[in-house]
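# Geometric and topological summary
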Amino acid sequence: MSAEEPLFRVVRGVPTAEELAALVGAIIIRSRPTAAPAGAPASAWARSGRPGNSRGWRAAGLPR
């Protein structure tokens, strides 16, 4: 693909400014990379020390 070759072209018809804007918007949204995958889940030990955990750090050392 050369530098002067268009990325896309209208083959038939004459699009309005709104139709062309919608097409460009759809191409931009579609070409964005997807979200990065979530990291590995934290272990039960790591989760036990975080705020909001009902069991808390005191229960982390207790047998299950």
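What this report covers is the structure whose coordinates are included nearby. (Residues numbered from 1 in each chain as written. Predicted model: local features only at pLDDT ≥ 70, side-chain atom pairs only at ≥ 80, totals over all residues. Heavy atoms only, no water.)

A few words on the overall build of the chain. Along the backbone of the chain there are 2 helices and 0 strands. When burial is assessed residue by residue, the chain has 5% of its 64 residues classed as buried. Accessible area for the chain stands at about 6300 Å²; split by element, carbon and sulfur atoms hold 61% of it. (Helix = DSSP H or I, 4+ residues; strand = E, 2+ residues; numbered from the N terminus. Buried < 20%, exposed > 50% of the residue type's maximum accessible area, 1.4 Å probe, protein only. Areas by Shrake-Rupley, 256 points an atom, 1.4 Å probe, with all protein chains shown as cover.)

Further remarks concern a nonpolar patch on the surface. A cluster of nonpolar side chains, namely Leu-7, Phe-8, Val-10, Leu-20, Leu-23, Val-24, Ile-27 and Ile-28, defines an oily patch on the protein surface of about 640 Å² accessible area. If you trace the backbone, Ile-28 turns up in helix H1 (residues 17-31). (Patch = residues over 30% accessible without salt bridge, like charges linked within 9 Å, V, L, I, M, F, W, Y side chains within 5 Å. Salt bridge = Lys/Arg side-chain N within 4 Å of Asp/Glu carboxyl O.)

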